[in-house]
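Report on the structure
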Amino acid sequence: MNTADYPALAREIASMAHGYPYADPPELLGRIGGEVSADPTGPHGRAMLAALWASRWYTHWKIADRALVTALAEAAERAEAALAAAGCPGGHEHPDLADCDEPEEMAALIEMIGPPGTVEAAACPGHLAPLAADTAATLRSTLRERFDAPGTGHLDARYLTADGRTAFDDLITDLERQRGSQVDHRAQDAAIWSARRLLAGAPDGERPRLAIAVCLLAKRCYWSSTAPGIVALYREALATLDLTPREEPCPHREGHPDVKLTAPPRPAAPDERGELCPRRVAEQVHAILDYTDGYLGS
């Protein structure tokens, strides 16, 4: 869309914030960030900063491209520096945006700043510099919170036996906490630990159960807006699995239908559904890699 059509852009940003974008959000946000960087103190650059500010929480929760979020944060930082240097000439009161918590209210600032209907106080550098700072702080927080998987070293005491093997009973107990679409954070930590165990070169006998643990939580990424950094770790770990059994026969005549994915079977329990069959594990891993590729690319 034409970013200089300020009423249309305001409507699009509001719709995007509500979760119903018409345009392609990553493409649109990339153009907005580029236009902020190109001329942060110019009339159009200021209007684009308002658009970036109004979309900052959408970016936080929905944009899975780390490079794009980084570029938007850098654009906001450039704008903050330029606008702070320009300062406020005085003689007017800045709009109070403390109560602007609805997408339409936030996006309305785009029309207040963009010509021909520019409101001088709204377009003032002294008014916009704090918005740029707020946007930059939010997006830097996004990079920390959404693109870095949390540490799990403290879980070694729970998930490793004295001789260095995976304590699957404890691991599976935590994975079984995952029910429904809302992510259970203890189960997620167990999946993250499993992913790192795979990447560290887990013994062959452990890898099928660890893979199922990762798949169990990765399957929920769309429903729960899982942090992209966590999904990227899941994908990196699953990519270490051997997928050649997908093309090989197995002893299960009924095949491996797409049954509901659950926590892996416990070591002492019979594998009645053939969940540890190399072909089934490889099929599930392949399916989850394809599924999560769409998530990170969306």
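Residues numbered from 1 in each chain as written. Predicted model: local features only at pLDDT ≥ 70, side-chain atom pairs only at ≥ 80, totals over all residues. Heavy atoms only, no water.

Let's talk about a negative patch on the surface
Stated precisely, the cut-off is as follows: Each patch is built from residues that are more than 30% exposed by relative accessible area and take part in no salt bridge. Like charges join if they lie within 9 Å; nonpolar side chains (Val, Leu, Ile, Met, Phe, Trp, Tyr) join within 5 Å. Accessibility throughout is a Shrake-Rupley quantity obtained with a 1.4 Å probe, and a residue counts as covered only by protein chains that appear here. For this document, the term salt bridge refers to a Lys or Arg side-chain nitrogen within 4 Å of an Asp or Glu carboxyl oxygen. We count Lys and Arg on the positive side and Asp and Glu on the negative side, and we leave His and both chain ends out. Taken as the charge centre is NZ of Lys, CZ of Arg, CG of Asp or CD of Glu, depending on the residue. Exposure is judged per residue with a 1.4 Å probe applied to protein chains only, and the accessible area is read against the type maximum: over 50% gives exposed, under 20% gives buried, and values in between give partly exposed.
Side chains of Asp101, Glu102, Glu104 and Glu105 sit close together on the surface and give a patch of like negative charge. Relative accessible area serves as the criterion here: at 58%, Asp101 is assigned to the exposed category.

Topic: the state of the cysteines
For clarity, the threshold we go by: Cysteine sulfur pairs qualify as disulfides if the two atoms are within 2.5 Å.
Under the definition given, this model contains 0 disulfides. Just so you know, Cys250 is unpaired, no disulfide at all, and the nearest cysteine sulfur is the one on Cys277, 3.9 Å from it. Accessibility expressed as a relative area gives 22% for Cys250, which makes it partly exposed.

Brief notes about the packing of aromatic side chains
Between two aromatic rings, the relevant description is the distance of the centres plus the angle of the planes. Short version of the rule: Pairing of aromatic rings covers Phe, Tyr and Trp, the last counted by its six-membered ring, and requires centre-to-centre distances within 6.5 Å; plane angles under 30 degrees mean stacked, over 60 mean edge-to-face, and any other angle means tilted. Put simply, DSSP H or I for four residues or longer makes a helix, DSSP E for two residues or longer makes a strand, and each gets a number counted from the N terminus. Two conditions define a charge located above a ring, namely a distance within 6 Å from the ring centre to NZ of Lys or CZ of Arg, and an angle within 35 degrees of the ring normal.
Summed over all chains, the structure comprises 3 aromatic pairs. For the pair Tyr159 and Trp193, a centre-to-centre distance of 5.3 Å together with 65° between the ring planes defines the contact as edge-to-face. A residue pair is termed long-range when its members are at least 10 positions apart, and Tyr159 in helix 9 (residues 156-159) and Trp193 in helix 11 (residues 185-199) qualify at 34 residues. Of the two residues, Tyr159 and Trp193, both sit in the buried class. Ring geometry for Tyr222 against Tyr291: centres 4.9 Å apart, planes inclined by 70°, an arrangement best described as edge-to-face. Of this pair, Tyr222 sits in helix 13 (residues 221-224) while Tyr291 is found in helix 15 (residues 278-297), placing the two residues 69 residues apart along the sequence. Judged by its relative accessible area of 22%, Tyr291 falls in the partly exposed class. Over the ring of Phe168 we find Arg209, and its NZ or CZ is 5.8 Å from the ring centre.

As for the environment of Asp156
When you line up the elements, Asp156 lands in helix 9. Residue classification places Asp156 among the partly exposed residues on the basis of a relative accessible area of 35%. In the structure, Asp156 is positioned 38 residues away from Thr118 in sequence and 59 Å away in space, judged by C-alpha atoms.

Here we look at helix 3 (residues 43-54)
Rules: Here, expected helix span is obtained from the residue count minus one, scaled by 1.5 Å.
Taking 1.5 Å per residue, 12 residues should reach 16 Å; helix 3 reaches 17 Å between its end C-alpha atoms and fits that length. Among the 12 residues of helix 3, 10 are classified as buried, and the element is accordingly described as predominantly covered. Along helix 3, the residues classified as buried are Gly45, Arg46, Ala47, Met48, Leu49, Ala50, Ala51, Leu52, Trp53 and Ala54.

Focus: the side chain of Thr292
Just so we agree on the cut-off: By the convention used here, residues are in contact when the closest approach between their heavy atoms is within 4.5 Å.
Tracing the backbone through its elements, the reader meets Thr292 in helix 15. In this structure, Thr292 is in contact with Ala218, Cys221, Val231 and Arg235, ignoring residues within four places of it in sequence.

Comments concerning the side chain of Arg209
Along the chain, Arg209 turns up in helix 12 (residues 207-218). Beyond its immediate chain neighbours, meaning those up to four positions away, Arg209 contacts Phe168, Pro264, Pro265, Arg266, Pro267 and Leu276.

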